[in-house]
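Residues per chain, in single letters:
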Amino acid sequence: MAEGNWTRVNEFILMSFSSLPTEIQSLLFLTFLFIYLVTLLGNSLIILVTLADPMLHSPMYFFLRNLSFLEIGFNLATVPKMLGTLIAQDTTISFLGCATQMYFFFFFGVSECSLLATMAYDRYVAICSPLHYPVIMSPRARAKLAVMSWFPGIPVATVQTTWLFSFPFCGSNKVNHFFCDSPPVLRLVCADTALFEIYAIIGTILFVMIPCLLILCSYTCIAAAILKIPSAKGKRKAFSTCSSHLLVVSLFYVSLSLVYFRPKSNNSPESKKVLSLSYTVVTPMLNPIIYSLRNNEVKNALSRTFHKALGLRNCIL
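Structure report, in brief. Because the structure is predicted, anything quoted here is derived from the model rather than measured.

**Observations concerning the pattern of salt bridges**
A full pass over the atoms with the stated rule returns 2 salt bridges. A salt bridge links aspartate 122 to arginine 123, with the nearest nitrogen and oxygen atoms 3.0 Å apart. By the burial criterion, aspartate 122 is buried, and arginine 123 matches it.

See below:
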């Protein structure tokens, strides 16, 4: 329904990878479907194993379980719709559907930044204050830290999504992305968005960069503590307890930086789509693999769980 020069938008069109030939889109569908299934399976296994195995009931694995929940949610928010656009050419998404997708994208993304900082603090306490670790990271304390990690995503997602979708949209309703991310949707707004953009910058500093700085501070202290350990074996053991987390953090923040902090002149919509795949599709798949392959406790727990499952199956048969 037209109102002056404005058009009330009831739905959006996700451009996704529609510029590519159909054959390439089919290949991308199969590739992303495989990655999606591996992501769901890998993170679900991490959750089940850390719950089932008593050896993995420590604070580190409690936070790892929370991270796996976040990765599954983050993946579910964006990937299924992208798969639909690739295989069924279902590129339309309702106004409410677009807002919902953006809400959960912000919620899980901000919560993950906070949780990664919490996990860095956990490693800091474990290495720098090992004698006080059981007291500082008591079950009650780590539950509070987990809630504090999940909570920031709610106000950020609520304010940013509600504010953005309260703007009038005019002209094209084509979102040049494979999901409803803030920058491409904001380009369709026909109103002054300066205040919103200032808020977005402040929000990024508060909820993305500050957790990153806390992680850097934690690992600076961890590195200093490791260097004071006299034996090489002790240094390797201490570093091995945080190497997986450090690798996960690096992947997450490097991929975010490549998408959101590159100069606009070097950041075409097509390149942004490709780079966005790194944190929406690839990183959630790699996290359980990193923690499984680089962590003997997780590998041993997976082996024990599979042996128990096979033993139970043989008893039933």
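**What about helix H5 (residues 139–150)?**
Since there are 3.6 residues in each turn of an α-helix, residues three or four apart along the chain are aligned in direction. With 12 residues, H5 should cover 16 Å at 1.5 Å per step; its first-to-last C-alpha distance of 17 Å lies within 8% of that length. Along H5, the residues that are buried comprise Arg142, Leu145, Ala146 and Ser149. Along the axis of H5, the buried residues cluster in a sector spanning 100°; they form a single face. Among the exposed residues of H5, those oriented more than 90 degrees off its buried face are Arg140, Val147 and Met148.

**Some words on the sheet that holds strand S3 (residues 11–14)**
In spatial order, the strands read S4-S3-S5; together these 3 strands make up an open sheet with mixed pairing. Lying at the two open borders of the sheet, with one neighbouring strand each, are strand S4 (92–94) and strand S5 (174–175). The strands that helix H3 (residues 95–128) touches are S3 and S4; relative to S4, the one it contacts most, it runs at about 85°.

What counts, and where the lines are drawn
Residue positions are given per chain, counting from 1 as you read along its sequence in written order. Since the coordinates come from a predicted model, pLDDT governs what is reported: local features require at least 70, and pairs of side-chain atoms require 80 or more to be given and counted, while whole-chain, interface and lining totals use all residues. For side-chain calculations, the full set of non-hydrogen atoms in the structure is used, while hydrogens and water are omitted. Criterion for a salt bridge: a side-chain nitrogen of Lys or Arg within 4 Å of a carboxyl oxygen of Asp or Glu. Buried, partly exposed and exposed residues are distinguished by accessible area as a fraction of the type maximum, computed with a 1.4 Å probe on protein chains only: under 20%, between the cut-offs, and over 50%, respectively. Helix and strand definitions here come from DSSP, where helices need a minimum of 4 consecutive H or I residues and strands a minimum of 2 consecutive E residues; each element is numbered from the N-terminal end. For a helix, the expected span equals 1.5 Å multiplied by the residue count minus one. The arc under discussion is defined with respect to the helix axis, by the directions toward the C-beta atoms. At least two bridges found by DSSP between two strands is the condition for calling them paired. By definition, residues are in contact when any of their heavy atoms lie within 4.5 Å. All axes here are fitted lines through C-alpha atoms, helices being fitted over the stretch that makes contact, and every angle between N-to-C directions spans 0 to 180 degrees.

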